[in-house]
Amino acid sequence: MKRLEKYLTDKECQMLVDSCKNRPRVQNRFEITEFQLPVSVFKKLKETHKPSFVSCTVQYYGPGDSFSPHKDEIKTRNRTSSMSILLNDNFKGGDLMIEGTKAVMNKGDATQFTPQDLHWVTGIWEGERYVLSVWGYK
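Residues numbered from 1 in each chain as written. Predicted model: local features only at pLDDT ≥ 70, side-chain atom pairs only at ≥ 80, totals over all residues. Heavy atoms only, no water.

Asks: Looking at this structure, I do not really get the sheet that holds strand E9 (residues 101-102). What am I missing?
Replies: The strands making up a sheet associate through hydrogen bonds between their backbones, and the pairing can be parallel or antiparallel. Strand order across the open sheet formed by 4 strands is E5-E11-E8-E9, with antiparallel pairing between neighbours. Only two strands of the sheet have a single neighbouring strand rather than two, namely strand E5 (67-70) and E9. Both strand E8 (residues 96-98) and strand E11 (residues 119-121) contribute to a ladder of 3 bridges, which runs antiparallel. Paired with Ile98 across the two strands is His119, which belongs to E11. (Pairing = 2+ DSSP bridges. Helix = DSSP H or I, 4+ residues; strand = E, 2+ residues; numbered from the N terminus.)

Quick look at the structure:
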């Protein structure tokens, strides 16, 4: 697990959150949204995950939402990296746990880990949590 402090600016985080407001759709027991990826964020992701291809999604969690323990390995795709970028900080709960260790994150921080790492998100008690989930592929 590697923490990248202030990976995204407050402005980039807000642009991502604003781009997906009021458009959530349910997928796999949590909500995933349509969003617009700012060019500056795309460039950072490409550089960080070089030479891999990159895919990403914004995940939304409301009160009572969590994400069960899982790994990002997919047999049909060769994922090389996983990353979670916290887009806001006005919620309680919702801790990212990686291999049983809490990933300490503030708004704009990113945590990189391997697709083989067991990880999950604890329940949200209050507010809404937005995160940009990113995967590198060969």
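Asks: Help me understand the pairing of strand E6 (residues 79-86) in this model?
Replies: Along E6, 7 of the 8 residues are buried, which leaves the element largely enclosed by surrounding structure. Sheet analysis places E6 next to strand E13 (residues 129-137), joined by 7 bridges and oriented antiparallel. Residue pairing for E13: Leu86 is matched across the bridge by Val131. Of the strand pairs in this sheet, E6 and strand E10 (residues 110-113) are connected by 4 bridges, and their pairing is antiparallel. (Buried < 20%, exposed > 50% of the residue type's maximum accessible area, 1.4 Å probe, protein only.)

Asks: How should I be thinking about the pattern of salt bridges in this particular structure?
Replies: Opposite charge on two side chains makes pairing possible when the charged atoms of those side chains draw close. Scanning the model with the defined rule gives 4 salt bridges in all. With a closest N to O distance of 2.7 Å, Asp109 and Arg3 form a salt bridge. Here the residue Asp109 occupies a position in the loop between E9 and E10, and Arg3 occupies one in strand E1 (residues 2-4), the gap between them amounting to 106 residues. Glu12 is the partner of Lys44 in a salt bridge, and the nearest nitrogen-oxygen pair spans 2.7 Å. Of this pair, Lys44 sits in helix H2 (residues 39-48) while Glu12 sits in helix H1 (residues 10-20), and the two are 32 residues apart along the sequence. Looking at Lys44, the relative accessible area reads 26%, which means it is partly exposed. Note on Glu12: relative accessible area 7%, which makes it buried. (Salt bridge = Lys/Arg side-chain N within 4 Å of Asp/Glu carboxyl O.)

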